[in-house]
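# Coordinates in review
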Amino acid sequence: MTHDASPTARALLLLELIQNSPGITAERLAGRLGVSERAARRYVGILREAGIPVESERGPYGGYRIGRGLRLPPLMFTQAEALGLVMAVLDGHHDSADPADPVGGALGKILRVLPEAVAGPAAAVRSLSTRHPEPGARTPSPETTAVLVQACAGRRRLRLGYRIRPGDERIMEVDPWAVVVRRGRWYLLCWSHTRNARRVLRVDKVAGVETLDAPATPPADLHPAQMLEDHLSAGWRHEAEVVVDAPAEAVAEWIPRSLGRPEPIDATTTRLVGSTDEPDWYVRQLTAIRAPFRIVGSRELREAAEALGRRLLQAGS
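Residues numbered from 1 in each chain as written. Predicted model: local features only at pLDDT ≥ 70, side-chain atom pairs only at ≥ 80, totals over all residues. Heavy atoms only, no water.

### A short note on the overall build of the protein chain
- Of the regular secondary structure elements, the protein chain holds 11 helices and 11 strands.
- Counting only residues that meet the buried cut, the protein chain has 41% of its 317 residues in that class.
- In the structure as shown, the protein chain presents an accessible area of about 17900 Å², 52% of it carried by carbon and sulfur atoms. (Helix = DSSP H or I, 4+ residues; strand = E, 2+ residues; numbered from the N terminus. Buried < 20%, exposed > 50% of the residue type's maximum accessible area, 1.4 Å probe, protein only. Areas by Shrake-Rupley, 256 points an atom, 1.4 Å probe, with all protein chains shown as cover.)

Here's what the structure looks like:
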């Protein structure tokens, strides 16, 4: 810190040091501030006069820490801390972007008092929508996520490393279109110049990212959530075809788009077309349909449905 810094600036830096390192000693505070230990204790006194509950403990393991008081003391976040907080709230609370919601309102207050360099990326991440997380979902790096979100908003091309599997990382150049959160999993929708094709990438598998000096223009008809659901419902090992005795609009309300594409056969009948790698899981999701249905294909799905039916019959006997 510069020697001509004001007492207020030193006191605020001291507050940040104590928040980040509870138990920090006067000697270490003095070293970080570039002042004497006596001056460091004087700045502690300034914080206490301002109503901030700075507690101290004597002895070889003593030091300063922020205690509990009647008022919340000023909080200072690094960019990684602020992004991590926003992402954690998104994972666990789907109304976090609503200022009328208690959690959303509290998060908004925090973002409003953060420096723009910290608040900007955090606010961009906060604007994403999410649903209740599924088991095994991994929250990606806050810093990486912020770069991806800002590149989507700024329409800038990216070079990134992508882990296909452990030990297999590939370099890709992509035009980022949108970051979508679905059930706790974070996805990047993009155009891959490396593959010359649309791609949906798991953000937690992005190992590194660099913003390039080239524009990236998303399709005019892009619907991020729909594109993601289309991707998740197609290309798996077992084809799925289910005929439902209900209109397509009703089927779309009962089950997620990731199970397949509802195609109307007529006004009262719908064909659900999709695919899956997990027939047992897929059949369990079909039980959300509130109308009679028949599994036309595949054989693996029919066998999984028969096995589930037997278990349910045994449970009720």
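Next comes the rest of the account.
### Considering the packing of aromatic side chains
- Applying the stated criterion across every chain yields a total of 1 aromatic pair.
- Between the aromatic rings of W281 and Y282, the centroid separation amounts to 6.5 Å while the plane-to-plane angle is 65°, which identifies the pairing as edge-to-face.
- Assessed through its relative accessible area of 1%, Y282 is described here as buried.
- Here the basic side chain of R42 rests over the ring of Y43, its NZ or CZ set 5.8 Å away from the ring centre. (Phe/Tyr/Trp six-rings, centres within 6.5 Å; stacked < 30°, edge-to-face > 60°. Lys NZ or Arg CZ within 6 Å of the ring centre and 35° of its normal.)

### Some remarks on the pattern of salt bridges
- For the coordinates displayed, the defined rule picks out 13 salt bridges.
- The salt bridge partner of R170 is D168, with a shortest N-O separation of 3.4 Å.
- For R294, the salt bridge is made with D245, and the minimal N-O distance between the two is 3.4 Å. Taken together, the residues span a long stretch of sequence, with R294 in strand β11 (residues 293-297) and D245 in the loop between β8 (238-244) and α9 (248-254) at a distance of 49 residues.
- We classify R294 as partly exposed; its relative accessible area is 43%.
- When salt bridges with common partners are traced through the structure, they connect R159, E173 and E210 into a single cluster. (Salt bridge = Lys/Arg side-chain N within 4 Å of Asp/Glu carboxyl O.)

### Digging into the sheet that holds strand β5 (residues 185-192)
- Strand order in the open sheet formed by 5 strands is β6-β5-β4-β3-β7, with antiparallel pairing between adjacent strands. Only two strands of the sheet have a single partner each, and these edge strands are β6 (197-202) and β7 (206-215). On average, each strand axis in the sheet is tilted by 45° relative to the strand beside it, whichever way the strands run.
- Sheet topology note: the β5/β6 ladder contains 6 bridges and is antiparallel. Bridge pairing in β6 places Y187 opposite R202.
- Along the sheet, helix α7 (residues 142-154) makes contact with β3 (156-165), β4 (168-182), β5 and β7, crossing β4 at roughly 70°. (Pairing = 2+ DSSP bridges. Axes fitted to C-alpha atoms, helices over the stretch in contact; angles between N-to-C directions. Contact = heavy atoms within 4.5 Å.)

### Description of the sheet that holds β11
- With antiparallel pairing, the 4 strands of this open sheet are ordered in space as β9-β10-β8-β11. Strands with a single pairing partner mark the edges of an open sheet, and in this sheet they are β9 (261-266) and β11. Each adjacent strand pair in this sheet contributes to an overall mean axis angle of 25°, direction not counted.
- In this sheet, strand β10 (residues 269-276) lies alongside β8 in antiparallel orientation, the contact comprising 7 bridges. Across the sheet, residue E239 finds its bridge partner in β10, namely S275.
- The strands touched by helix α11 (residues 299-316) are β8, β10 and β11; relative to β11, the strand with the most contacts, the crossing angle is about 140°.

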